[in-house]
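# A look at the structure
What follows is the residue order along each chain.
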Amino acid sequence: DLAWAAGLPKLKQKDKYKIGFAQTESNNPWRLAQTASMKEEAEKRGWQLVYTDAAGSAAKQVSDVRSMIAQKVDVILLAPREEKPLVPAVMEAKNAGIPLLCIDRSVDASMAKAGRDYVAFIGSDFVKEGNMAGEAFAKAVGGKAKIIELQGTVGSSPANDRMKGFKDAISKFPDMVIIASQSGDFARDKGRQVFETLYQAHPEATALYGHNDEMSMGAIAAMEAAGKTPGKDIMICSIDGTKDAAQAVADGKIAVLVECNPHFGPKAFQTVVDYAAGKTIPEWVVNTDRLFTKENIASYMPEAF
Ligand code: GYE
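Quick look at the structure, then. (Residues numbered from 1 in each chain as written. Predicted model: local features only at pLDDT ≥ 70, side-chain atom pairs only at ≥ 80, totals over all residues.)

### Observations concerning the overall build of the protein chain
Just so we agree on the cut-off: What counts as a helix is a DSSP run of H or I of at least four residues, what counts as a strand is a run of E of at least two, and both are numbered from the N terminus. Radius of gyration: C-alpha atoms only; globule rule: 2.2 Å multiplied by the number of residues to the exponent 0.38. Residues are called buried when their C-beta atom has 20 or more other C-beta atoms within 10 Å, exposed when it has 12 or fewer, and partly exposed otherwise; all C-beta atoms are positioned from the backbone. Placing C-beta atoms from the backbone, we regard two residues as in contact once those atoms come within 7 Å.
For the protein chain, the helix and strand inventory stands at 11 helices and 12 strands. Its C-alpha atoms give the protein chain a radius of gyration of 20 Å, within 12% of the compact-globule value 19 Å for 305 residues. Along the longest, intermediate and shortest principal axes, the C-alpha atoms of the protein chain span 60 × 35 × 30 Å. Taken over 305 residues, the protein chain has a buried fraction of 52%. Taking contacts inside the protein chain between residues at least 6 apart in sequence as the whole, the part at least 24 apart equals 75%.

### Comments concerning the environment of Gln61
Its place among the elements puts Gln61 in helix H3 (residues 58-70). The spacing of Gln61 and Ala205 is 144 residues in sequence and 37 Å in space, taken between C-alpha atoms. Beyond its immediate stretch of four places on either side in the chain, Gln61 contacts Ala22, Thr24, Ala54, Arg81, Leu86 and Ala89.

### Quick notes on the sheet that holds strand S2 (residues 48-53)
Operational definition: When DSSP finds two or more bridges between two strands, those strands count as paired. Note on geometry: axes are C-alpha line fits, over the in-contact stretch for helices, and angles between N-to-C directions span 0 to 180 degrees.
Read from one edge of the open sheet, six strands run S2-S1-S3-S4-S5-S11, paired in parallel fashion. Every other strand in the sheet has two partners, leaving S2 and strand S11 (284-287) as the edge strands with one partner each. Across the sheet, the axes of successive neighbouring strands diverge by a mean angle of 15 degrees, strand direction being ignored. Across three bridges, the pairing between strand S3 (residues 75-78) and strand S4 (residues 100-103) is parallel. In the strand pairing of S4, Ile76 is matched with Leu100.

### Observations regarding the site of the ligand
Applied cut-off: The criterion for a residue being near a molecule or strand is simple: its C-beta atom, placed using the backbone, must lie within 6 Å of it. Under the scheme applied, nonpolar residues are Ala, Val, Leu, Ile, Met, Phe, Trp, Tyr, Cys and Pro; charged residues are Asp, Glu, Lys and Arg; polar residues are all the others, including Gly.
Around the ligand, the neighbouring residues are Asn28, Trp30, Arg31, Asp104, Arg105, Pro158, Phe186, Asn212, Ile239, Asp240 and Cys260. Among the secondary structure elements, those contributing two or more residues to the shell around the ligand are helix H2 (29-45) and strand S9 (235-240). In terms of residue class, the shell around the ligand is made up of five nonpolar, two polar and four charged.

### Looking at the nonpolar core
To keep things clear, this is the line we draw: We define a nonpolar core as a collection of buried residues of the types Ala, Val, Leu, Ile, Met, Phe, Trp, Tyr and Cys that are connected via C-beta atoms lying within 7 Å of each other.
With 49 residues, the main nonpolar core has Ala133, Phe195, Ala207, Leu208, Ala219, Val249 and Leu257 as its most contacted residues. In terms of residues, this core owes the most to one element, helix H8 (residues 213-225), which gives six residues. Aside from chain neighbours lying at most four places away, what touches Ala207 is Val141, Ala145, Lys146, Ile147, Ile234 and Met235. Listed in part, the 43 residues of the second largest apolar core include Leu11, Tyr17, Ala42 and Ala112.

### Brief notes about the packing of H3 against helix H4 (residues 87-95)
Heads up, the condition is: Note that the term roughly parallel is reserved for angles under 35 degrees, roughly antiparallel for angles over 145, roughly perpendicular for angles of 65 to 115, and oblique for everything else.
Two numbers describe how H3 lies on H4: the axes approach to 9 Å, and their chain directions differ by 10 degrees. One element, H3, and the other, H4, form an angle in the roughly parallel class. On the side of H3, the interface is formed by Gln61, Val62, Val65, Arg66 and Ile69, while H4 contributes Pro88, Ala89, Glu92 and Ala93.

Right under this line is the structure:
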């Protein structure tokens, strides 16, 4: 039938699967929430989970996938750290006859395609996240800001797309300008260091766009250490929805927060079941994300991770 006709590996219908989850790193609350969601779902269904943590190395993640192939897992869930270096892992799974799904980040579409080389991409629309952030932020700052951007991991799909979406949104506002942009690798400490350096070089900055909450929280620490008030001297917009960031919205430090939901377990496992049943899986199973400001953050607080 349709899904299988494309040349993708088949999956037998079984009560229980041995399922691989190749995580990219575990140094932030988003990753921990995602891993917990996978483990919970595996336990609930009684499936065996083969879990690996690439510890921030694309090369290790490739070998993690190889070891899953060698262990003959039934199916692989891959959270590809970067778009290009993980393509070989995707192709090797395909050639070994193991269906693979990209979870939360995707791989370079010109090199490996969902629906042809791997089953599907399950995750957020990062361009849209950047767009939502940019539009709401322009409103929050009255269409005028000198922005420092902290990019995510270089070569990762969320960094590439959040950059693009935000840029497109603010291009409609001539006084919204990005004056400096550098990667903080999605990490809190790196975000703090990079912000400190960029702010020293650009003391005229009035705003921060952080591609994730961990970097934004790091930057807030740097601002406060420099005697500046986040939310006043420097306006902030951020993406994810961690507990710390939600609290910072409530406290008036972060003006705009765009959600990126890490709880993939139920959706990912159900997609595997549907695939085995021969249902047609969309190439992109899209997660929808919400927008939070001081006005509506209270309702989100219990969900923050
Ligand atoms: O925003 C970040 C994490 O790939 C969508 O990666 C994910 C991003 C998320 O490390 O916090």
